[in-house]
Amino acid sequence: MTDLAALSQRYGHLSMAVLHRGGLHHALLSALPQSAIRLGMKCVGARTHEAGAVLRFANGHTVEADLVLACDGVHSAIRKAVFPKARERFARYTCWRAISPGIPAGFDPTRLSESWGAAGKRIGLAAIPGERIYWFACCGARRIKDPDLAKIGLTELQARFAEFHDPVPEVLASTSSDAVIWTDIEDLDPMPSFTHGRIVLLGDAAHAVTPDLGQGAGLSIEDAAVLASLLGRLPIDETLHEYDARRVGRASPRLRVPPLRKGGPVAKSTRCSTSQSRGEEYPGALHGSPTRRGPRHRFRAGAGCGLNRSYNAAQGIATTTGWSGGDQPPLGVLIKTPNIPA
């Protein structure tokens, strides 16, 4: 468990806020005039010219603009048009997500939990406004869009994760089957630039990372804050040059796999540790690298990752127990999760 209240008190700021995506959309849209939003506009292409850029949409419309902010996610159509060599990467694990009603008895809504099981399985729980629980359940996957995984429904998910501790069975049992969303996990190869002419990439369109890194939303907010600040005081072309200079170096290291050492993957300047009580095959922590560890082997991963996870080999369960970092606030979780089936 990660004690969010303790993190907030220690560093003097809110360590994390969990809210429904629909609630976030409502808050953002409420600050804009209705005329600023055009629905039903699926972008399928883009090109630049000397004075701006042109977007092409599936309904046949085109829109020309002085500046285009591409925030269309890991599968960005705009990025594919102007950076055709950019490559999305399958992280070799898949994830089911849902929201269930009610807060289980004994569950502390100020704490986020993530538990690890055998064969790369893990499940996380977080309370969100409205007396609800957001949960995710992950397991390794050998190929993207696996047809066997696509067939898995809520009943089979409950069976697959039945060995996990309370309140996991209760949360899954209270979930509606039509509330479950299944997605493979992908990220993006580091890019040399986030700008092309008058088109600028932000968020996952520029530097998609896997969710277990705890970096995606934070980096996206940073992108927006930096770009807004620069546009407020510099011409467009100077803004884009400065944005690239500031953001590529900041975001790209989050996408690089840390170096490997004998006995398993280890990142430099590490503060996060996981233990095993006896030697066994355990799916590795970096893009599924399998690693053999001996009795009471201790490995560390993630520069200032902020999560201390203990692994109980007898039960096959690993649990986050809290921040173990130094004096600086954590940038986020920089640890890859087990992601290859045993």
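Residues numbered from 1 in each chain as written. Predicted model: local features only at pLDDT ≥ 70, side-chain atom pairs only at ≥ 80, totals over all residues. Heavy atoms only, no water.

Chemist: Give a description of the environment of L55 that names residues and reports values.
Modeler: When you line up the elements, L55 lands in strand β3 (residues 52–57). For the pair L55 and C43, spaced 12 residues apart in sequence, the C-alpha to C-alpha distance is 6.8 Å. In this view, L55 contacts C43, G45, A46, H61, T62, V63, V68 and I78; residues no more than four positions away in its chain are not counted. (Helix = DSSP H or I, 4+ residues; strand = E, 2+ residues; numbered from the N terminus. Contact = heavy atoms within 4.5 Å.)

Chemist: Outline the pairing of strand β8 (residues 122–128), listing residues and values.
Modeler: Most of β8 is tucked away, with 7 of its 7 residues classed as buried. Burial along β8 is two-sided: the residues R122, G124, A126 and I128 and I123, L125 and A127 are all buried. Two elements, strand β7 (residues 111–116) and β8, share 4 bridges in a ladder whose sense is antiparallel. By the bridge assignment, E114 is partnered in β8 with G124. Linking β7 to β8, which pair antiparallel, is a turn of 5 residues; within it A119 sits at a positive phi near 60 degrees. With 7 bridges joining them, β8 and strand β9 (residues 132–140) adopt antiparallel strand pairing. Residue pairing for β9: A127 is matched across the bridge by I133. Between the antiparallel neighbours β8 and β9 lie 3 residues, among them G130 with a positive phi of about 90 degrees. (Buried < 20%, exposed > 50% of the residue type's maximum accessible area, 1.4 Å probe, protein only. Pairing = 2+ DSSP bridges.)

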